[in-house]
Amino acid sequence: MESSCDETSVAIIENGDQILSNIVASQVKSHRRFGGVVPEVASRHHVEQITLCIDDALAEAQVEPEELSGVAVTFGPGLVGALLIGISAAKAFAWAHGLPLIPVNHMAGHIYAAAFVQPLTFPLLALLVSGGHTELVYMKESGAFEIIGETRDDAAGEAYDKVGRVLGLSYPSGKEIDELANIGSDTYHFPRAMIKEANYDFSFSGLKSSFINTVHNAEQRNEPLVKEDLAASFQASVIDVLVEKTVRACKEYPVKQLVLAGGVAANQGLRAALSERVLTDLPETTLIVPPLKLCGDNAAMIGAAAFVEAEKEHFANYSLNADPSLSFTTI
């Protein structure tokens, strides 16, 4: 079960790599008029949808509760109210059917979505770009996470949302910016923050400020702005930094696979640029990118990660609580 933000999702997973069902109830239309996710609205929608999603997931998979071996649920990071709905439903379902409860880190789920493409081979590196997170995660073995680089301020996904509002795009704006960028050119040459620094951290607040200042200054002077070129210039800056630092990390850390994960992994520009660099600079490394339907928040990825947690006997009791600030270092 997954309810960390604005998607209510329930999936039935077999052997950690087979999706029998993956029901996702999106709330995008409800939040669009606010220009972003409203936590209280999200929580109320989760209450309305969670039991319906459970019923639909079991029906689509043609599975009865007694055939299940466990109940996995996202317990962080995310919106605390939203997380609590999924956790409460998971506890109730696990108790009612005598099943073990498996707590899963939402970000680990994004990485393990790649397991539905092909088996993960370790050590690997994951570029995790999702909502408020931009991280480079090194994994020596399954279930072991080491953050070697992360954002120091705005994450890439947050920058996309803020730039989208300045451009007057509807929420969520990432896909539309990607489409505009595909037909525009990098004519504004925004800064590539920290791209040459000898670390793997990121910073996108300066890029966001530069973008906003460019737009406001042009508007004050009544200068024309090309929306497609603005989008292309912004996206080129984000992609250049993400790809450069990721490729450099893959050369320093001996990895067999590179996983691109998270909501921003659906970005076609990022997919193409990273694929090209891996082919030319990392011929011994296999790039794995989950299909588009598994890049956003979904319960299938939580199920994949849950099999790893279960193997390590990481179970929870009914005192399990939400951890909205959960990180890899605290599990």
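As shown above, the structure is provided for reference.
Residues numbered from 1 in each chain as written. Predicted model: local features only at pLDDT ≥ 70, side-chain atom pairs only at ≥ 80, totals over all residues. Heavy atoms only, no water.

As for the overall build of the protein chain
Check the secondary structure of the protein chain and you find 10 helices and nine strands. A globule of 331 residues ought to have a C-alpha radius of gyration of about 20 Å, and the protein chain, at 20 Å, matches this closely. If one aligns the C-alpha atoms of the protein chain with their principal axes, the spans along those axes are about 65 × 45 × 30 Å. The burial tally for the protein chain puts 53% of its 331 residues in the buried class. Sequence separation of at least 24 residues holds for 75% of the intrachain contacts in the protein chain that already meet a minimum separation of 6. Summed over its atoms, the accessible surface of the protein chain is roughly 14,600 Å², and 50% of this surface lies on carbon and sulfur atoms. Between the averaged position of the 23 positive side-chain charges in the protein chain and that of its 42 negative side-chain charges there is a distance of 7 Å. (Helix = DSSP H or I, 4+ residues; strand = E, 2+ residues; numbered from the N terminus. Rg over C-alpha atoms; globule rule 2.2 N^0.38 Å. Buried < 20%, exposed > 50% of the residue type's maximum accessible area, 1.4 Å probe, protein only. Contact = heavy atoms within 4.5 Å. Areas by Shrake-Rupley, 256 points an atom, 1.4 Å probe, with all protein chains shown as cover. Lys, Arg positive; Asp, Glu negative; His and termini not counted. Charge placed at Lys NZ, Arg CZ, Asp CG, Glu CD.)

As for the environment of Ile 19
Its place among the elements puts Ile 19 in strand S2 (residues 18-26). Sequence separation between Ile 19 and Ala 300 is 281 residues, and the spatial gap between their C-alpha atoms is 6.7 Å. If we ignore the near neighbours within four places in the chain, the residues touching Ile 19 are Ile 12, Ile 13, Phe 116, Leu 294 and Ala 300.

Looking at helix H6 (residues 174-183)
By the burial criterion, the buried members of H6 are Ile 177, Asp 178, Leu 180 and Ala 181. Viewed along the axis of H6, the buried residues span an arc of 165 degrees, placing them on a single side of the element. In H6, the exposed residues that point more than 90 degrees away from the buried face are Lys 175, Asn 182 and Ile 183. Elements that come into contact with the buried residues of H6 comprise helix H5 (156-166), helix H8 (227-252) and helix H9 (268-281). (Arc of directions from axis to C-beta.)

With respect to the nonpolar core
A general trend in soluble globular proteins is that nonpolar side chains are found buried together. Formed by 47 residues in total, the largest nonpolar core has its most connected members in Leu 125 and Phe 234. Mapped by element, the contributors of at least two residues to this core are strand S5 (124-130), strand S6 (133-139), H5, H6, helix H7 (205-220), H8, strand S8 (257-261) and H9. With 12 residues, H8 is the single largest residue contributor to this core. Beyond its immediate stretch of four places on either side in the chain, Phe 234 contacts Ala 159, Tyr 160, Val 163, Ile 177, Phe 190, Leu 207 and Phe 211. If you look at the next biggest cluster of nonpolar residues, it comprises 34 residues, including Ala 72, Phe 122, Met 301 and Phe 328. (Core = buried A, V, L, I, M, F, W, Y, C linked by side-chain atoms within 4.5 Å.)

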